[in-house]
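Spelled out from the first residue to the last, the chains are:
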Amino acid sequence: MTATLITGIAELVTNDPAWSGAGQSADVDHLGIVPDAAIVAESGRVRWIGPADLAPQADSRIDVGGRSVVPGFVDSHTHLVFAGDRSSEFAARMAGTAYDGGGIATTVAATRAASDEELRALLADRVAEVRRQGTTTVEIKSGYGLSVDEELRLLRLAREVTPHVTFLGAHVVPAEYAADRAAYIALVTGPMLAAVVAQGAASYVDVFCEPLSAHAFTEDEAREILQAGRAAGLAVRVHGNQLGPGPGVRLACELGAVSVDHCTYLSDADVTALAETGTVATLLPGVEFSTRHPYPDARRLLDAGVAVALATDCNPGTCFTSSMPFVIALAVRELRMTPAEALYAATAGSARTLGLHGRIAVGEPADLTVLDAPSHLHLAYRPGVPLASALTV
């Protein structure tokens, strides 16, 4: 086994309370910052952290030259397995056309028509792209197959690149079931779910609970699907409250979901439920950027004691960005988060929804991201600049 010393770190963000410092604001304190730091990694795990002048010897050395190192970004909400292009839909939205979920059918058709080899190549390119921007952990959903065989195919391809896979057979009702929604729900909760569980194809079940969309699922439909998935041993995630006020957040809290994603339109009761149950509110501000919807109010959630995560929702329709730094910049500018809160939400916050820690600590995976900057503040201070990249050790 070979140990690697990473040194020359001007600012190391650990997210580890063991490195919290007195006299800092609470948001910065959570980052567990170590100045002039070094790390020793071995066999893919962190073996030592501390001041650079106290670093032990190692077999090899990486000098990052006064840059900042942060925990690798955790993108806990993506739809990376798809084919096709919907740029014309984006242009139409910028010209005033409202989004209602109907464009998903376009991607379903293109994805069904693509071969495994085509989808695998597209997925590999997207995973390489996220790593170039500092993301080291990614969750991937299905949802562009919407038949038993096609959903299993997308889940299988996703599992080739990540263990964090979500079954989203309830993305929308496919065109062939438009006249018989009940039959499609029976398919999702019956043969489709049974096949997913039998093959160990996913760890989570998700549903697009959005009564304001004719293509998505009502509260009762979503509850039936999520309860079936939970009974089959899958953890629960929910797309909720994206297009307007609705039942998604309350349903997620009721069912003990690990996360409810979007959370754009929230009532006081929604916020209270999130705070009391511990369900994470995963915010996806790239969607609002790409749809001209109002941004969610992270400040309101944080001040109420709600756990907040950030993710991209990378998909071909409502947010075709894979950049977590862009999401962090949006969160600071539009969601009223501090730079420290946004970085924490994009690492430890998102990691929590996947059963991970999202921190740099002895014994943890060496999932490290280097910033071409002296501090984490530059993630929001220099929006659009490619500062972040995953470090391979």
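Here we summarise the structure given alongside this text.

So, how was this worked out
Here the residue index of a chain counts from 1 through its sequence in written order. With pLDDT at 70 or above as the cut-off, local features in this predicted model cover only qualifying residues; side-chain atom pairs require 80 or more to be listed or tallied, and sums for whole chains, interfaces and linings still use all residues. The side-chain values count all of the structure's non-hydrogen atoms but skip hydrogen atoms and water molecules. Only runs of H or I of at least four residues qualify as helices and only runs of E of at least two qualify as strands under DSSP, and these elements are numbered from the N terminus. Radius of gyration here uses only the C-alpha atoms, and the compact-globule reference equals 2.2 Å multiplied by the residue count raised to the power 0.38. When a residue's accessible area, from a 1.4 Å probe over protein chains only, is under 20% of the maximum for its type it is buried; when over 50% it is exposed; and in between it is partly exposed. Throughout, a residue-residue contact means that at least one pair of heavy atoms, one from each residue, lies within 4.5 Å. A 1.4 Å probe and the Shrake-Rupley method give the accessible areas. Residues count as covered only by the protein chains that appear here. Any carboxyl oxygen of Asp or Glu within 4 Å of a side-chain nitrogen of Lys or Arg constitutes a salt bridge here. Points on a 1 Å grid, built from protein atoms alone, make a cavity when a 1.4 Å probe fits but cannot get out and make a pocket when they are open with protein on both sides within 12 Å along at least 5 of 7 lines; residues with an atom within 4 Å of a point are the lining residues. Grid points are joined across faces, edges and corners, and a volume is the space filled by probe spheres set on the points. Classification convention: Asp, Glu, Lys, Arg as charged; Ala, Val, Leu, Ile, Met, Phe, Trp, Tyr, Cys, Pro as nonpolar; all other residues, Gly among them, as polar. To qualify as a nonpolar core, a set must consist of buried Ala, Val, Leu, Ile, Met, Phe, Trp, Tyr and Cys residues joined through side-chain atoms within 4.5 Å. Stacked, tilted and edge-to-face are the three classes assigned to paired rings of Phe, Tyr and Trp, where Trp is represented by its six-membered ring and a pair needs centres within 6.5 Å; plane angles under 30 degrees give stacked, over 60 edge-to-face, the rest tilted. Two N or O atoms count as a polar contact when they lie within 3.5 Å, although within protein this holds only if one can serve as hydrogen donor and the other as acceptor, and sequence-adjacent residues are included solely when both atoms are side-chain atoms. A strand pair is defined by DSSP finding two or more bridges across the two strands. Only the contacting stretch of a helix is used when fitting its axis, a line to C-alpha atoms as for every element, and angles between N-to-C directions run 0 to 180 degrees. Oblique is the label for any angle not covered by the other classes, which are roughly parallel (under 35 degrees), roughly antiparallel (over 145) and roughly perpendicular (65 to 115). Handedness of a helix crossing follows the sense of rotation of the near helix relative to the far helix, less than a right angle counterclockwise being left-handed and clockwise being right-handed.

## Re the overall build of the protein chain
Within the protein chain, the regular secondary structure consists of 14 helices and 15 strands. Over its C-alpha trace the protein chain gives a radius of gyration of 21 Å, about what one expects of a compact globule, namely 21 Å for 393 residues. With the C-alpha coordinates aligned to their principal axes, the bounding extent of the protein chain is approximately 70 × 45 × 40 Å. When burial is assessed residue by residue, the protein chain has 56% of its 393 residues classed as buried. Pairs at least 24 apart in sequence give 72% of the contacts found in the protein chain among residues at least 6 apart. Accessible area of the protein chain: about 14900 Å², with a carbon and sulfur share of 53%.

## Let's talk about the pattern of salt bridges
On inspection of all chains with the given rule, the structure shows 20 salt bridges. Two residues, R223 and E254, come together in a salt bridge whose shortest N-O distance is 2.9 Å. Separated by 31 residues along the polypeptide, R223 in helix α7 (residues 219–231) and E254 in helix α8 (residues 248–254) bring together distant segments of the chain. It is possible to trace a salt-bridge network through shared partners that takes in D116, E150, R153 and R156.

## Details of empty space enclosed by the protein
On inspection of all chains with the given rule, the structure shows one cavity of 30 Å³ or more. Taken as a whole, the largest cavity spans an internal volume of roughly 100 Å³. Lining the largest cavity are 13 residues, with Y99, H171, D313, N315 and T318 positioned closest to its centre. For the lining of the largest cavity, the class distribution of residues is four nonpolar, seven polar and two charged.

## A few points about the nonpolar core
Counting 87 residues, the largest nonpolar core has F167, L274, L301, L310 and M337 as its most contacted members. Dropping the residues within four chain positions of it, L301 is found in contact with L266, V271, L274, A281, L283, V306 and V308. Within the second largest apolar cluster, 16 residues are counted, among which are L12, V34, V46 and V69.

## Things to note about the packing of aromatic side chains
Evaluation of the coordinates by the stated rule reveals four aromatic pairs. Each ring, one from F82 and one from F320, has its centre 5.6 Å from the other, and the planes form 70 degrees; the classification is edge-to-face. You can see F82 sitting in the loop between β5 (73–75) and α2 (87–94) and its partner F320 sitting in the loop between β13 (308–310) and α12 (324–334), a full 238 residues away along the chain. Among the aromatic residues, ring-to-ring pairing joins F82, Y144 and F320 into one connected group.

## Some remarks on α12
M324, P325, V327, I328, A329, L330 and A331 are the residues of α12 that are buried. Structurally, the start of α12 carries an N-cap: the backbone nitrogen of F326 is 3.0 Å from a side-chain oxygen of S323. Where α12 ends, the next residue or the one after it, R336, has phi of about 65 degrees, a positive value.

## Here we look at the sheet that holds strand β12 (residues 280–283)
Taken in spatial order, the seven strands of this open sheet run β7-β8-β9-β10-β11-β12-β13, and their pairing is parallel. Sheet topology places β7 (140–141) and β13 at the edges, where each strand pairs with a single neighbour. Note: strand β11 (residues 259–262) against β12, three bridges, orientation parallel. Along β12, the bridge assignment pairs D261 with T282. Helix-sheet contacts for helix α13 (residues 339–353) involve β9 (204–209), β10 (235–240), β11, β12 and β13, and the interaxial angle to β13 is about 100 degrees.

## Some thoughts on the environment of L155
With respect to the helices and strands, L155 occurs in helix α5 (residues 148–159). Each C-alpha atom of the pair L155 and P191 lies 15 Å from the other, and the pair is 36 residues apart in sequence. With residues up to four places along the chain from it excluded, the contact list for L155 reads S142, V165, T166, F167, V196, A201 and A202.

## Let's talk about the packing of α5 against helix α6 (residues 181–198)
Contact pair α5 / α6: the axes reach a minimum separation of 10 Å and the direction vectors enclose 40 degrees. Our classification of the angle between α5 and α6 gives oblique. The interaxial crossing formed by α5 with α6 has right-handed handedness. Contacts from V148, E151, L152 and L155 in α5 reach L187, P191, M192, A195 and V196 in α6. Of the residues contributing to the contact of α5 with α6, the split by class is eight nonpolar, no polar and one charged.

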